[in-house]
Amino acid sequence: MELAGLGAYLLFFLNLVGIYAIMALGLNMQWGMTGQFNIGIAGFFAVGAYTTAILTTGPADGWLGGFDLPFLLGLAGSIIVCVPVAWVVGRITANLRTDYLAIATIGIAEIIRLFFLNEGWLSNGTRGIPGIQKPLDLGNGGYLLIVLAFVAITYLLVEVARRSPWGRVLRAIRDNEPATAAAGKDIARFRLEAFVVGSCIMALGGGLYAHFVGFVSPEAFRPLYGTFLVWVMLIAGGSGNNLGAMLGALVVWIIWSSTEVLADLVPTALIGSESAFRVFLIGVLLQVILVSRPQGLLPERRPPMPGERRRS
Amino acid sequence: MIEIERISRAFGGLQAVRDVSFTVEKGSITGLIGPNGAGKSTLFNIVAGALPPDSGRIRLEGEDITGLPTHQLFHKGLVRTFQIPHEFSRMTVRENLMLVPARQSGERLLKSWLGWWKVVREDREILRRADEVLDFLEIGHVRDELAGNLSGGQKKLLDLGRTMMTDAKAVLLDEPGAGVNRTLLGKLAEAIERLNRERGYTFCVIEHDMDLIARLCDPVQVMANGELIASGDMATLRDNPEVREAYLGTGASGTAGAA
């Protein structure tokens, strides 16, 4: 690859890393802090992406659209629409723990995907919604600055939340629910709040994604891209650690992209199964991490006590 | 303070608690003893809101609290500890205590975001109180350890410490002495006595260690097979034939539960 091509690829790559970093931060609030096993990330990713697609595109041909709203209003819409969706899902699943929550959320994510697939009046079905613009006619380079700004804001909000008494209650719930109730905390309220806020962060990632690729269709929200990769990123980076979540997004996306190069090297007998092979490699990577370094690249650290200065 | 009125509860065919009534008087340290399987912990779980009774009422200072969830009872001033210590194992000892105080403004996410400096100021005050409690219990040296790394006895002290971070009026202690060595046990008893005397906490204590019960509790309620069989001070109960039978079987001699 020549230098200009490499530079262009790097911009493309970093945009996606940033978008996935935001989603990993959202998952960290649910799993890392609260212990909620949400494997329906793709559903909230889709809600965010479709909402801004519908709100910001020009004249629509047979689907809901033509509002032509500005970029920031589209993203705001992504988050606002996600609130009731996540609230309902959170209420339904409020009393489910670990594996039961996992089953329920993966089912709900598929329902959301199939909803967008089948409700053509809303989403144009399989053909998807094209023509989603980046703001201000920016290229990938300019858009990267916007994505990075959102990554920074999201990181700050999630990290402040983690260090706050609110985050302390979440970690207590993760450790021991009966004792948290005995300390007077309304567990259902805190679990629901973490679920809704985490899901809205995923929806924000979805909105940024839609403007980046310019086109959304149900195909993009299959569990592999929407959910599984985000989980690998968080586990690899260090669940419970927000910097780790972002580092995981970078590292896993590097590995994921480089397997694309591998696809060119596969023997002819295997042509056609490259994509399955990539998934297999990511699965192996997850296994290796879980066995050799279960705490991730950057392990969780307790928040500093008020007034405490850390040396390190 | 806590009125237990005709509480019954069955698990399948097992009648764990049968028609039990007694009152924990304000300012008392009331003991609850009985052999294993007597129904003490079930009764505790019912009073603490962790388990609904089949019939009967619980009143706290005259107010009917039957069936209220645990976190609401906490805000009414009724707090419990657990038989097996329930520490937050991946949080530090200090954090275990700082979690507890009610009405922390930082427990509202929006306030944490929009007024984090106020939340930090408030948290500093909570930290000071937590350190006071740790000094009172003489476990200040492990304040930054993860609670999961503490010894069994230290975890028991930490459980008690969490109740000291509240504005509790009544505290239910489920076997505070289990697994605690003699030295630590003396400290624990002293802490309970001081809380009762200086802060006016009312206690209801389940315990198998009869020396601890004799030192702390008056009156003592005795349960066996789900029923209340006797009550009174420890000296009287030691000579009560029904109590001796419950603990040692018919015709046994010697002092009931002296071990």
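You'll find the structure just up there.
Scope of this entry: the structure provided in the associated data block. Along every chain, residues carry numbers that run from 1 in the direction the sequence is written. In the order they appear in the text, chains get letters beginning with A and ligands get numbers beginning with 1. This being a predicted model, a pLDDT of at least 70 is required before a residue's local features are given, and a value of 80 or more before pairs of side-chain atoms are given or counted; all residues contribute to the totals for chains, interfaces and linings.

**Topic: the overall build of chain B**
Now for step 1: Numbering of helices and strands runs from the N terminus, with a helix taken as a DSSP run of H or I at least four residues long and a strand as a DSSP run of E at least two residues long. When its secondary structure is counted, chain B shows ten helices and ten strands.
Now for step 2: Within these notes, the globule rule equals 2.2 Å times the number of residues to the 0.38 power, and the radius of gyration is based on C-alpha atoms. Against the compact-globule benchmark of 18 Å for 259 residues, chain B has a radius of gyration of 19 Å, which places it among compact chains.
Now for step 3: In terms of overall dimensions, chain B has C-alpha extents of about 70 × 40 × 35 Å along its principal axes.
Now for step 4: Any residue surrounded by 20 or more other C-beta atoms within 10 Å of its C-beta is treated as buried, while 12 or fewer makes it exposed and the intermediate range makes it partly exposed; C-beta atoms here are placed from the backbone. Buried positions account for 47% of the 259 residues belonging to chain B.
Now for step 5: By the convention adopted here, residues are in contact when the distance between their C-beta atoms, placed from the backbone, does not exceed 7 Å. By sequence separation, contacts in chain B at least 24 residues apart represent 64% of the contacts at least 6 residues apart.

**Quick look at the interface of chain B and chain A**
Now for step 1: Listed per partner, the contact involves 32 residues of chain B and 26 residues of chain A.
Now for step 2: Mapped by element, the contributors of at least two residues to the side of chain B that touches chain A are α2 (70-75), β6 (78-80), α3 (93-98), α4 (109-114) and α5 (116-136) of chain B.
Now for step 3: Classification convention: Asp, Glu, Lys, Arg as charged; Ala, Val, Leu, Ile, Met, Phe, Trp, Tyr, Cys, Pro as nonpolar; all other residues, Gly among them, as polar. Looking at side-chain class alone, the side of chain B that touches chain A contains 14 nonpolar, nine polar and nine charged residues.

**Focus: the sheet that holds β6(B)**
Residues and elements named next belong to chain B.
Now for step 1: Two strands pair under a simple rule: DSSP has to find at least two bridges between them. Spatial ordering of the open sheet is given by β6-β7-β8-β3-β9-β10, a layout of six strands whose pairing is mixed. The sheet is open, and its two edges are formed by β6 and β10 (227-232), each paired on a single side. In this sheet, neighbouring strand axes are inclined to one another by 20° on average, regardless of whether the strands run parallel or antiparallel.
Now for step 2: For β6 and strand β7 (residues 170-174), the ladder comprises three bridges, and the chain directions are parallel. Directly across from Arg80, in β7, lies its bridge partner Leu172. Here an angle of 0 to 180 degrees is reported between the N-to-C directions of two axes, which are lines fitted to C-alpha atoms, with helices fitted over the stretch in contact.

**Digging into the sheet that holds strand β5 (residues 63-64) of chain B**
Residue and element names in this part refer to chain B.
Now for step 1: Strands sit in the order β2-β1-β4-β5 across an open sheet of four strands; the sheet is antiparallel. The open sheet is flanked by β2 (14-24) and β5, the only strands paired with a single partner.
Now for step 2: With seven bridges joining them, strand β1 (residues 2-11) and β2 adopt antiparallel strand pairing. By the bridge assignment, Ile7 is partnered in β2 with Val20.

**Overview of the pairing of strand β8 (residues 202-206) of chain B**
All names here are of chain B.
Now for step 1: Among the five residues that make up β8, five are buried, leaving the element largely enclosed by the rest of the structure.
Now for step 2: Residues Thr202, Cys204 and Ile206 point to one face of β8 and Phe203 and Val205 to the other, with burial holding for every one of them.
Now for step 3: We call a crossover right-handed when, viewed with the strands running away from us, the connection from the first strand over the helix to the second turns clockwise. Between the parallel pair β7 and β8, the chain is carried across by helix α7 (residues 182-198), and the sense of this crossover is right-handed.

**Observations concerning the nonpolar core**
Now for step 1: Working definition: the nonpolar core is a set of buried Ala, Val, Leu, Ile, Met, Phe, Trp, Tyr and Cys residues, joined through C-beta atoms within 7 Å. Residues A:Tyr20, A:Ala24 and A:Met233 are the most contacted members of the largest nonpolar core, which totals 162 residues.
Now for step 2: With 15 residues, helix α9 (residues 187-213) of chain A is the largest single contributor of residues to this core.
Now for step 3: Each domain's limits were defined by an automated method or a database of domain assignments. A domain split of this core shows at least three residues from each of domain 1 (2-87 + 167-248) and domain 2 (89-149) of chain B.
Now for step 4: When near neighbours in sequence (up to four residues on either side) are disregarded, A:Met233 contacts A:Tyr20, A:Ala24, A:Ala245, A:Gly248, A:Ala249 and A:Val252.

Bear in mind that shape data such as this cannot, by itself, settle questions of function.
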